[in-house]
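Below, each chain spelled out in residue letters.
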Amino acid sequence: MSASMEAQLEAQMTTGDTHEIHEECGVFGVWAPNRDVSRMTYFALRALQHRGQDSAGIAVGNGKTVLVRKDLGLVTEVFKDEDLQAMQGKVAIGHCRYGTSGAKSWESSQPHLSAIEDVLIALAHNGTLTNVDDLRRELVEAGVPFRSDTDSEVAARLIGYFTHQTHHIRKGIRRTMTMIKGGYAMVLLRENALYAFRDPLGIRPLVLGKLDEGEWVVTSETCALDIVGASFVREVQPGEILRISDDGIVSAEGLPQEGEAKCVFEDVYFSRPDSVQDGSSFYKVRHEMGRQLARESPADVDLVISVPDSGTPAAEGFALELGVPFQTGLIKNRYVARTFIAPTQELRERGVRMKLTALSDVVAGKRILMVDDSVVRGTTSKQIVRMLREAGATEVHMRSASPEVVWPCFYGIDTATQDQLISANKTVEEIRDYIGADSMGFLSIEGLRKCLPCGGYCMACFNGEYPVEIPQGFYEEKFLSGYTPNIVTPEGPSSLGHAAGRAV
């Protein structure tokens, strides 16, 4: 990596963001005519806040119309009690966003409100669509207006376009699903119904839960079910469309399931540790990843610590397998929220110290092994290693509980260009030297597979095997010279006219 590229990576570190990788957002939907659905959605979004901190929004259907409240900021910043009291209804959806597609603006926040003739709909989306440029151009040529540059609004406008043709929202969703490519989980409401649908490989997560009889919840993670008192029923199946209304819950096939390619970073980092998938908590999976990492990459150390909080389960597993103590060596300041106030250059140079502090009483005079969930750009790791040495650690060894992230993601993670990824630019030994550690190790892909629940996973970020087509214009110049990804061949309709001619 050149000196200028290293300087660019350092510049990407801001005081309000100590982790190196982000997922796009979290979604929630509830059908419960006799409950306070807006308040339930508010608390569910607080449970999903880790999935996105740029903006938050809630839409409510009251049987006659749809009301939307959204803004930039955390859930607690956007909503006051009077907002929720004014949004009474029988069905609601919610969204918290980290923007990987579209600018960080009010127009890009969700849910997106749209009109289909005299019917209002609101849509919330988790994921990234890879073929939106051509679709947006065709819609604009067809006279469809846009308020933002997000792929989520493209999906909402497509559904409106096809619903106008078919006079049936479910058919509009189905035709839209034949057009859009990428990883997505979406919830949509009108004044008297809730819809939920998921991409045919299940890249982005979506689960179904139940309250009382006739009351249903759909959401990105089971932790949001827990906070509203819903019981887990099942995952929304890849390619499935759910409709929930006074008529009950109805399942239909939007697209045939094409297998399964769940995002592996849900297991590595994104999902909350107490959320459950395939009968196991993500805490349990990450703990086993730490144990496997210790088998593959042990070290002679006095103490194991974690980068809190995401690295803690793996660090505990590593320490258990290695037979050495685990202690808290880094303290996280949990009260540093997002801010619109730019730090001074002096504070920016202090970087990660705004959120993390080394405990010199714990690490001084010790050989330390530090476990993080992943090492993506390397800037955070470099600053933490330096911090631990300044706190008196005699040795600092670094371990990543995930394999090397070599390839960019196009399905909903903000690693859109390969030059941002340290493992695409450096060998493991060069990474060790760059971050200043005494040793460096990554979990192997084979070792990771041993720790995961059953089912298929998308591991494109590790191995370059992309399960969903990516138009060349979408990824052009995003791979480094010498890297050749394996991307599936395009399939399905490529224009609005072709999709409109398909049977539904």
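First, a word on what this report is: a plain description of the structure on this page.

The rules behind the values
Residues numbered from 1 in each chain as written. Predicted model: local features only at pLDDT ≥ 70, side-chain atom pairs only at ≥ 80, totals over all residues. Heavy atoms only, no water. Helix = DSSP H or I, 4+ residues; strand = E, 2+ residues; numbered from the N terminus. Buried < 20%, exposed > 50% of the residue type's maximum accessible area, 1.4 Å probe, protein only. Pairing = 2+ DSSP bridges. Salt bridge = Lys/Arg side-chain N within 4 Å of Asp/Glu carboxyl O. Phe/Tyr/Trp six-rings, centres within 6.5 Å; stacked < 30°, edge-to-face > 60°. Lys NZ or Arg CZ within 6 Å of the ring centre and 35° of its normal. Polar contact = N/O pair within 3.5 Å; in protein donor to acceptor, adjacent residues only side chain to side chain. Contact = heavy atoms within 4.5 Å. Axes fitted to C-alpha atoms, helices over the stretch in contact; angles between N-to-C directions. Parallel < 35°, antiparallel > 145°, perpendicular 65-115°, else oblique. Left-handed = near helix turned anticlockwise from the far one by under 90°. Nonpolar A, V, L, I, M, F, W, Y, C, P; charged D, E, K, R; others polar.

**What to know about the environment of P111**
Residue position: P111 is located in the loop between β4 (91-97) and β5 (112-116). For P111 and L123, which are 12 residues apart along the polypeptide, the C-alpha to C-alpha distance reads 5.0 Å.

**Thoughts on the pairing of strand β12 (residues 240-245)**
Taking burial as the measure, the six residues of β12 include six buried ones, the bulk of the element. Burial along β12 is two-sided: the face carrying E240, L242 and I244 and the face carrying I241, R243 and S245 are both buried. Of the strand pairs in this sheet, strand β8 (residues 193-198) and β12 are connected by four bridges, and their pairing is antiparallel. Opposite L194, over in β12, you have I244 as the bridge partner.

**Things to note about the pattern of salt bridges**
All told, the structure shown has 26 salt bridges when counted by the stated rule. Residue R291 pairs with E321 through a salt bridge whose shortest N-O separation is 2.9 Å. On the criterion of sequence distance, the pair formed by R291 in helix α10 (residues 282-296) and E321 in helix α11 (residues 312-322) is long-range, its members being 30 residues apart. Using a relative accessible area of 25% as the deciding quantity, one classes R291 as partly exposed. Ionic pairing is found between K332 and D309, a salt bridge with its closest N-O pair at 3.9 Å. Of the two residues, K332 is situated in strand β18 (residues 330-332) and D309 in the loop between β17 (303-306) and α11; the sequence distance between them amounts to 23 residues. The exposure class of K332 is partly exposed, given its relative accessible area of 28%. One network of salt bridges, with partners in common, ties together R51, R204, E221 and E266.

**Thoughts on the packing of aromatic side chains**
Per the counting criterion, the structure on display carries 13 aromatic pairs. Connected via pairs of aromatic rings, a cluster forms that spans W407, F410, Y411, Y466, Y475, F479 and Y483. It is R136 that lies over the ring of F146; its NZ or CZ is 5.8 Å from the centre.

**Let's talk about the side chain of E221**
Take E221: it is sitting in the loop between β10 (216-219) and α8 (222-228). Judged by relative accessible area, which is 3%, E221 ranks as buried. Here the side chain of E221 touches H50 through a polar contact of 2.8 Å, side chain to side chain.

**Side note on the environment of Q49**
Secondary-structure assignment places Q49 in the loop between α2 (37-47) and β2 (55-61). Residue Q49 is classed as buried on the basis of its relative accessible area of 14%. As a C-alpha pair, Q49 and C25 span 24 residues in sequence and 8.5 Å in three-dimensional space. Once residues lying within four places of it in the same chain are set aside, the contact partners of Q49 are L74, V75 and C96.

**A closer look at the environment of T130**
Tracing the backbone through its elements, the reader meets T130 in the loop between β6 (119-129) and α5 (132-141). For T130, a relative accessible area of 2% gives the class buried. Once the C-alpha coordinates of T130 and F410 are considered, the two residues, 280 residues apart in sequence, prove to be 6.9 Å apart. Contact partners of T130, with chain neighbours within four places excluded, come to K181, G182, F410, Y411, E469, I470, P471 and F474.

**As for the packing of helix α6 (residues 151-166) against helix α7 (residues 169-179)**
Viewed as axis vectors pointing N to C, α6 and α7 meet at an angle of 125 degrees, and their least axial separation amounts to 7 Å. Here α7 runs oblique to α6, going by the angle between their axes. Here α6 runs over α7; the crossing is right-handed. Contacts between α6 and α7 involve A155, L158, I159, F162, T163, Q165 and T166 from the former and I169, K171, G172, I173, R175, T176 and M179 from the latter. Class assignment of the residues belonging to the contact of α6 with α7 gives a composition of seven nonpolar, five polar and two charged.

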